[in-house]
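# Coordinate analysis (summary)
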Amino acid sequence: MSRFFLSASPMTTGRRALRIKKREKSIAGIAMARTARTTTIIGNLPTLRFYYRTFSRNLKGPLLPAPSFSFIITAMRKEAQRLSRIRNIGIVAHIDAGKTTLTERILYYTGKTYKMGEVHEGTAVMDYLPQEQERGITISSAVTTCLWADTEIRIIDTPGHVDFTIEVERSLRVLDGLVVVFCGVGGVEPQSETVWHQADHYRVPRIAFINKLDRVGADFFRVLETMGERLGCEPLALELPLGKEEGFYGVIDLIKMKAIVFDEESLGARYEYISIPEDERKRAMEERERLFEKLCLFDDRFMELYLEGQEIGESFIHEVIRKATISLKCVPCFLGSALKNKGVQPLLDGIVRYLPSPLDLPPVRGENPDTNEQEERIPSDSEDFSALAFKVVIEEGRKITYVRIYSGSIKEGEEVLNVNLRKRERVARIMSIHADKKERIEEAGTGAIVGIVGLKETLTGHTLVKRRPILFEPIAPKEPVISIAIEPKSTSDEQKLLLALKRISEEDPTFRVTSDEDSYRTVISGMGELHLDVIIRRIKDEYGIEVLKGRPEVIYKETIGKEATVEKEFERVING
């Protein structure tokens, strides 16, 4: 590594000072000539900030060594490239819209699994809990990672039933992007609308996948219309369906202006671009023009090229859509039939092209508990470690805390500070997660979603750091809406039952356990009958405790609605 010395002592001649100034400008110019992403990081990386400032101003005092700036830039570029190839996304939808089926196809086409799992057969990889396989629904959010186009896609598959909304809420809190799945027949349904507004709250960029276009009554454009009306968004149709309902057989790419057909023998793994059929060409041209008119509203340069009638390159079109998506100005819409293995690969391309990496979003902000001032953590391994615990599970008696790392890195054996509790805990193990499978790793860096073993007191919503304390926005708990009194069939199981309920309440923030002082009963509360049924079944299957349950009671509060005045005369004859 080359070395030189800078000095700003009184002995420095005017000519030498001029050379130093030119050298500073030259080095700063080299930095600015690199990628825009790299120069953004230069002023933020803590370990490099000193050197950047060294070359940006005259120094006073003793001679200081300065490293080769190209070495620094190379290191920064490598980190920027790694982070730019990460997508932390979630897949959400109303129940039975096909999101888990879509996730199974994504895992198969990316090579993560060698066989497609089916929800209706109970073989879905992401629905690994026994109750999920029996009921055919997603109960708990599941995490996995796959690769597509040299990009690491970390996926959280979430439940669609309203009783498990907290699983969606805490996933949205740590995600950078979202794929919202809509049924081509049902369109915008109640739970998909609820999830959409949750994503609005956390300002999560999203793309849409209109599924089940092979079903009778499916209408792609009706779904886009209802999205605009009920969700208040700007849907961008990037594709058109080839065929209708049972005759659906492919998609038209409005950017490439090619049709895509999928090979049924390979279960959709092979697909090819062909010319758009003549009877569809006019409609495709009209929709492409409509797409370009919308894109003109997002970028002035695009508008100039469009109005001048110049040819607009595909890369520039993708760039404009990406910027508009990340800034929440539009929602790119893809289409297909996950069950029939059509339309999934173009969606994967859209995830890579349009959804943000950790570098594309503003640094995460939080409050310093010591000064009560707002601070931020930049996405860099060189920054102090900070993470948010968003899920707790207990498997085989072992507590695993799922965390999203926003900055810095963590290794096995290191200590972290739980800022909420002001307690230090030791990281025993770090796990890379694929549904129910865990792989031990030695270290995890910025942008990772991993499981940590050893955090005995950390709960959902807690912030973890190494040195500099910061409190991230917690995950807001949901209040229960229904209660049931339970008791063990055998009195010898009373203490076992209380222990089981305590462990389940650590995992689920919406599950509450109280004791009725009048009847000496244990009362459990949750988000619905299905929620409580699942928990009672878990108590039986996982802890071997048979319980008796009472009738469900809806939780409500009475209050005075308005002012009122009542007068009544009371008469009573008193004997004697």
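Here the structure is a predicted model, which means the values were calculated and not measured.

### Concerning unusual backbone geometry
- One non-glycine residue, E245, lies in the positive phi region at around 50°.
- Here E245 is to be found in the loop between β9 (239-242) and β10 (250-253).
- Classification of E245 as partly exposed rests on a relative accessible area of 25%.
- Although it is not a glycine, L328 sits at a positive phi angle of roughly 65°.
- Mapped onto the secondary structure, L328 falls in the loop between α12 (314-326) and β13 (331-335).

### Observations concerning the sheet that holds β10
- What the four strands build is an open sheet, ordered β9-β10-β11-β12; its pairing is antiparallel. Taken across any chain shown, the strands that pair with only one partner, and hence form the sheet edges, are β9 and β12 (271-274). The sheet shows a mean angle of 30° between the axes of neighbouring strands, direction not considered.
- The pairing of β9 with β10 spans four bridges and is antiparallel. Within the sheet, the bridge partner assigned to L242 lies in β10 and is G250.

### Remarks on helix α9 (residues 220-231)
- Helix length check: α9, at 12 residues, gives a terminal C-alpha distance of 16 Å against a target of 16 Å (1.5 Å per residue), a fit within 8%.
- Every buried residue of α9 is listed here: F220, V223, L224, M227 and L231. One side of α9 holds all its buried residues, which, seen down the axis, span an arc of 100°.
- Against the buried residues of α9 lie β6 (177-183), α8 (190-202), β7 (206-211), β8 (235-237), β9 and β13.
- Its side-chain oxygen placed 3.2 Å from the backbone nitrogen of F221, D219 serves as the N-cap of α9.

### Quick notes on empty space enclosed by the protein
- Using the criterion set out here, one finds one cavity of 30 Å³ or more in the structure.
- The volume enclosed by the largest cavity comes to roughly 110 Å³.
- Along the wall of the largest cavity there are 13 residues; nearest its centre are D253, F334, P346, R353 and Y354.
- In terms of residue count, the dominant contributor to the lining of the largest cavity is helix α13 (residues 344-354) (five residues).
- Classifying every residue of the lining of the largest cavity gives seven nonpolar, two polar and four charged.

### Let's talk about helix α10 (residues 278-295)
- For α10, which comprises 18 residues, the first-to-last C-alpha distance of 26 Å matches the rise-based estimate of 26 Å (1.5 Å per residue) to within 8%.
- Those residues of α10 that fall on the buried side of the exposure criterion are E280, A284, E287, R288, L291, F292 and L295.
- Contact partners of the buried residues in α10: α9, β8, β9, β10, α11 (300-307) and α12.

So, how was this worked out
- Residues numbered from 1 in each chain as written.
- Predicted model: local features only at pLDDT ≥ 70, side-chain atom pairs only at ≥ 80, totals over all residues.
- Heavy atoms only, no water.
- Helix = DSSP H or I, 4+ residues; strand = E, 2+ residues; numbered from the N terminus.
- Buried < 20%, exposed > 50% of the residue type's maximum accessible area, 1.4 Å probe, protein only.
- Pairing = 2+ DSSP bridges.
- Axes fitted to C-alpha atoms, helices over the stretch in contact; angles between N-to-C directions.
- Expected span 1.5 Å × (residues − 1).
- Arc of directions from axis to C-beta.
- Contact = heavy atoms within 4.5 Å.
- Polar contact = N/O pair within 3.5 Å; in protein donor to acceptor, adjacent residues only side chain to side chain.
- 1 Å grid on protein atoms, 1.4 Å probe; cavity = no way out; pocket = protein on both sides within 12 Å on 5 of 7 lines; lining within 4 Å.
- Points joined across faces, edges and corners; volume = space filled by probe spheres on them.
- Nonpolar A, V, L, I, M, F, W, Y, C, P; charged D, E, K, R; others polar.

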